Amino acid sequence: MNTHNPNDFRYRVRRPDDTQMRYDRVPMAVRTLSSNTLFQGEHEIGIEHHGALYRLKITRQGKLILNK
């Protein structure tokens, strides 16, 4: 089950002083694709990036893994 909220996964670090660090949520517009749309029933796809081939796979546990 996917509980991903595209507005919650990017954070910006703000240091108001040297002793304290704050993480603020920064909503960013990120193009989001469903894994069903991306994989179209397959368990592995190839992604060409700058001349290199990457393999994106769905594991038996339903997680994604990217290999070069």
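Residues numbered from 1 in each chain as written. Predicted model: local features only at pLDDT ≥ 70, side-chain atom pairs only at ≥ 80, totals over all residues. Heavy atoms only, no water.

**Focus on the overall build of the protein chain**
Moving on, step 1. The helix and strand inventory of the protein chain stands at one helix and five strands.
Moving on, step 2. Counting all 68 residues of the protein chain, 9% fall into the buried class.
Moving on, step 3. Taking contacts inside the protein chain between residues at least 6 apart in sequence as the whole, the part at least 24 apart equals 3%.
Moving on, step 4. Entry remark: accessible area of the protein chain is about 6,500 Å², with carbon and sulfur atoms responsible for 48%. (Helix = DSSP H or I, 4+ residues; strand = E, 2+ residues; numbered from the N terminus. Buried < 20%, exposed > 50% of the residue type's maximum accessible area, 1.4 Å probe, protein only. Contact = heavy atoms within 4.5 Å. Areas by Shrake-Rupley, 256 points an atom, 1.4 Å probe, with all protein chains shown as cover.)

**Some points on the sheet that holds strand 3 (residues 44-49)**
Moving on, step 1. Across the sheet, which stays open at both edges, the three strands sit in the order 3-4-5 with antiparallel pairing between neighbours. Only two strands of the sheet have a single neighbouring strand rather than two, namely strand 3 and strand 5 (64-67). Pairwise comparison of adjacent strand axes, ignoring direction, gives a mean angle of 25 degrees for this sheet.
Moving on, step 2. Of the strand pairs in this sheet, strand 3 and strand 4 (residues 52-58) are connected by six bridges, and their pairing is antiparallel. The residue bridging glutamate 44 from the neighbouring strand is lysine 57, located in strand 4. (Pairing = 2+ DSSP bridges. Axes fitted to C-alpha atoms, helices over the stretch in contact; angles between N-to-C directions.)

**A look at the pattern of salt bridges**
Moving on, step 1. Applying the stated rule across the entire model yields one salt bridge.
Moving on, step 2. Put simply, glutamate 44 and arginine 55 hold a salt bridge, and the shortest N to O gap is 2.7 Å. Placement of the pair is glutamate 44 in strand 3 and arginine 55 in strand 4, with a sequence separation of eleven residues.
Moving on, step 3. Under the relative-accessibility criterion, glutamate 44 is labelled partly exposed at 35%.
Moving on, step 4. Under the relative-accessibility criterion, arginine 55 is labelled partly exposed at 39%. (Salt bridge = Lys/Arg side-chain N within 4 Å of Asp/Glu carboxyl O.)

**Details of the pairing of strand 5**
Moving on, step 1. Both strand 4 and strand 5 contribute to a ladder of four bridges, which runs antiparallel. By the bridge assignment for strand 5, arginine 55 is matched with asparagine 67.
Moving on, step 2. Count of turn residues in the strand 4/strand 5 antiparallel hairpin: five residues, of which glycine 62 carries a positive phi of about 85 degrees.

**Description of the environment of isoleucine 58**
Moving on, step 1. Counting through the fold element by element, isoleucine 58 comes out in strand 4.
Moving on, step 2. Taking the C-alpha atoms as reference points, isoleucine 58 and glutamate 44, 14 residues apart in sequence, are found 6.4 Å from one another.

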